[in-house]
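Close look at the chain arrangement
Each chain, written out:
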Amino acid sequence: MVLTDADKAFRDDVRAFLQEFLSDELRRDGRRCSGIFADYPEGIAWHRILAKKGWSAPRWPVEHGGTGWSPRQLYLFNRELCEADAPPLAPMGTGMVGPVIIAFGTPEQQQRWLPGILSGEDYWAQGYSEPQSGSDLASLQCKAVRDGDHYVINGTKIWTTHAQYAKRMFCLVRTASGGKPQQGISFLCFDLDTPGITIRPIISISGDHELNQVFFDDVRVPANGLIGGENQGWAIAKYLLQHERGNAWAPQLRSRLRRLHEALAEAFPGTGPQDDAEHARLRHALADAHCRIDAVEALEMQALQAHERGEPPGIRPSMTKLLGTELRQHITELGVAIAGHPSHLRVPMPECDALGIPEEAAFAMSAYLNDRAASIYAGTNEIQRNLIAADILSR
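Okay, so let's go over this structure. Since the model is a prediction, treat every value here as computed from it, not as a measurement. Counting from 1, residues in each chain are numbered in the order their sequence is written. Totals for whole chains, interfaces and linings use all residues, but because this is a predicted model, local features are given only for residues with pLDDT of at least 70 and pairs of side-chain atoms are given and counted only at 80 or more. Hydrogens and water are ignored here; the side-chain numbers use all heavy atoms of the structure.

**Some words on the overall build of the protein chain**
- A tally of helices and strands in the protein chain yields 13 helices and eight strands.
- C-alpha atoms define the radius of gyration, and 2.2 Å times the number of residues to the power 0.38 defines the globule rule. Here the C-alpha atoms of the protein chain give a radius of gyration of 22 Å, agreeing with the 21 Å that 2.2 N^0.38 yields for 395 residues.
- Counting only C-alpha atoms and orienting by the principal axes, one finds that the protein chain spans roughly 75 × 45 × 45 Å.
- With 395 residues in all, the protein chain has 49% of them scored as buried.
- Long-range pairs, those at least 24 residues apart, make up 76% of the contacts in the protein chain between residues at least 6 apart in sequence.
- Note on areas: Shrake-Rupley with a 1.4 Å probe; residue coverage comes only from the protein chains shown. Within the structure as shown, the protein chain displays about 18,500 Å² of accessible surface, and the carbon and sulfur contribution to it stands at 54%.
- For the protein chain, the centre of its 40 positive side-chain charges and the centre of its 49 negative side-chain charges are spaced 4 Å apart. Note on conventions: DSSP H or I runs of at least 4 residues are helices, E runs of at least 2 residues are strands, and numbering of each starts at the N terminus. The buried label applies to any residue whose accessible area, calculated with a 1.4 Å probe on protein chains only, is under 20% of its type's maximum; exposed applies above 50%, and partly exposed to all values in between. We call two residues contacting when some pair of their heavy atoms lies within 4.5 Å. His is not counted, nor are the chain ends; Lys and Arg add positive charge and Asp and Glu add negative charge. Every charge is mapped onto a representative atom, which is NZ of Lys, CZ of Arg, CG of Asp or CD of Glu.

Structure, rendered in structure tokens:
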């Protein structure tokens, strides 16, 4: 990206803010984040700092608390956050349900929920997947039956990220059967402390507790939490998934690659021919990853320019999701290869507390295991390939 003078001035303003308010502790938390976004304590602390500046939901319309930044400025802002190792924020509130409430919610719903999302007071969870309904989301069976001014929900949701911290949930429920399965789905928002809701932890292979299964047993939620019309939830779900899949991948990938270059320099002090050969192989692999990130960024620049022209995103979110997640997995594989070098086992590294190894190496395996899910969440990459193929063949 070639920066104009205005771009540089904006970038410098963001950097000055980060220099003042992004503490060393938060930067450390950002570097050590092995998931797609930070754990709740670190993430919400950074969210609230951004909220005080008015930057917690920069993509929202100004009238709802957004910044009014151009798509180019939004991309630059995200890039600066990644380069500064800021904790990546959970998107469920500002990036998912918030845009849905703005686009489809009533004025009363917007007034009720948007301020808490902006401030960080309300933390949200996403109720989409079920044990038998993942990428085939339209087959979901969690039912909501209308009973006067309430819906009564029975069923379960799974892979519910950070439900143990969330105050509210946005949820796809089945409100009608018969016809196409997409036609009987509704979009409901409700409080997670409602009687009849049980949250059970799912510990991932990386040892993290990010995921949960949520059970609903005759849960009565107010009908005024319905977004849009009854049985109109599928259109809203597709709108939300565009936001979930359309994230900028190149900035966060570059940040990870930068840290791998630093870890590689620590791992290979150049002690012999075998080290030199392995060092060369890994340097070549990192250079190849750099080129692949350039390709992802070029695609994102095309999407940014199309957005500035007012064009719909089309198939681009599926393309960037596919390329970004597979490259993210590849980078974690390189991280494990670097972390396994014997020098990491013999050189004391006090900057990683008492672990005795460089920080990036210490967290490489956790990131590797966590990112096995990257090609599954937000619609599996196999599904994304089908969507891309269908788009090409329909032209």
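So, next bit.
**A closer look at the packing of helix α1 (residues 5-21) against helix α3 (residues 40-53)**
- Running from N to C, α1 and α3 cross one another at 130 degrees; their axes reach a closest spacing of 12 Å. Accordingly, the angle class assigned to the pair α1 and α3 is oblique. Here the hand of the crossing between α1 and α3 comes out right-handed. Here α1 contributes Phe17, Leu18 and Phe21 to the contact with α3, which in turn contributes Trp46, Ile49, Leu50 and Lys53.
- Classification used: nonpolar for Ala, Val, Leu, Ile, Met, Phe, Trp, Tyr, Cys and Pro, charged for Asp, Glu, Lys and Arg, polar for all others including Gly. Of the residues that constitute the contact of α1 with α3, the class distribution is six nonpolar, no polar and one charged. Fitted lines through C-alpha atoms serve as axes, helices being fitted only where they are in contact, and the angles separating the N-to-C directions of these axes extend from 0 to 180 degrees. Roughly parallel means an angle under 35 degrees; roughly antiparallel, over 145; roughly perpendicular, 65 to 115; everything else is oblique. Here is the rule for handedness: rotate from the far helix to the near one, and if that takes an anticlockwise turn smaller than a right angle the crossing is left-handed, while a clockwise turn gives right-handed.

**Concerning the environment of Ala144**
- With respect to the helices and strands, Ala144 occurs in strand β2 (residues 143-147).
- Measuring from C-alpha to C-alpha, the distance between Ala144 and Thr198 comes to 16 Å, with 54 residues separating the pair along the chain.
- Ignoring any residue separated from it by four or fewer positions in sequence, one finds Ala144 in contact with Tyr151, Val152, Ile153, Val173, Arg174, Thr175 and Leu188.

**Here's the deal with the packing of α3 against helix α6 (residues 107-119)**
- Two numbers describe how α3 lies on α6: the axes approach to 7 Å, and their chain directions differ by 110 degrees. Here α3 lies roughly perpendicular to α6, going by the angle between them. Of the residues in α6, those in contact with His47, Arg48 and Ala51 of α3 are Ile117, Leu118 and Ser119.

**Comments concerning the environment of Phe268**
- Turning to its location among the elements, Phe268 is positioned in the loop between α8 (250-267) and α9 (273-308).
- Accessibility expressed as a relative area gives 6% for Phe268, which makes it buried.
- Distance from Phe268 to His341, taken between C-alpha atoms, is 8.0 Å for residues 73 residues apart in sequence.

**Let's talk about unusual backbone geometry**
- At Trp159, a residue that is not glycine, the phi angle is positive and equals roughly 60 degrees.
- Counting through the fold element by element, Trp159 comes out in the loop between β3 (150-157) and β4 (168-174).
- Residue Trp159 is classed as partly exposed on the basis of its relative accessible area of 48%.
- Residue Ala378 is not a glycine yet carries a positive backbone phi of 60 degrees.
- As for its placement among the helices and strands, Ala378 is situated in the loop between α12 (364-370) and α13 (381-393).
- A relative accessible area of 11% places Ala378 in the buried class.

**A word on the side chain of Arg168**
- Here Arg168 lies in strand β4.
- Residue class for Arg168 comes out buried when judged on its relative accessible area of 13%.
- Here Asp191 takes part through its side chain, which lies 2.3 Å from a polar atom of the side chain of Arg168.
- Those residues in contact with Arg168, other than ones at most four positions away along the chain, are Trp113, Asp122, Tyr123, Trp124, Ala125, Phe190, Asp191 and Leu192. In the analysis that follows, any N or O atom pair within 3.5 Å is treated as a polar contact, provided that within protein one partner can donate a hydrogen and the other can accept it, and provided that, for residues neighboring in sequence, both atoms belong to side chains.

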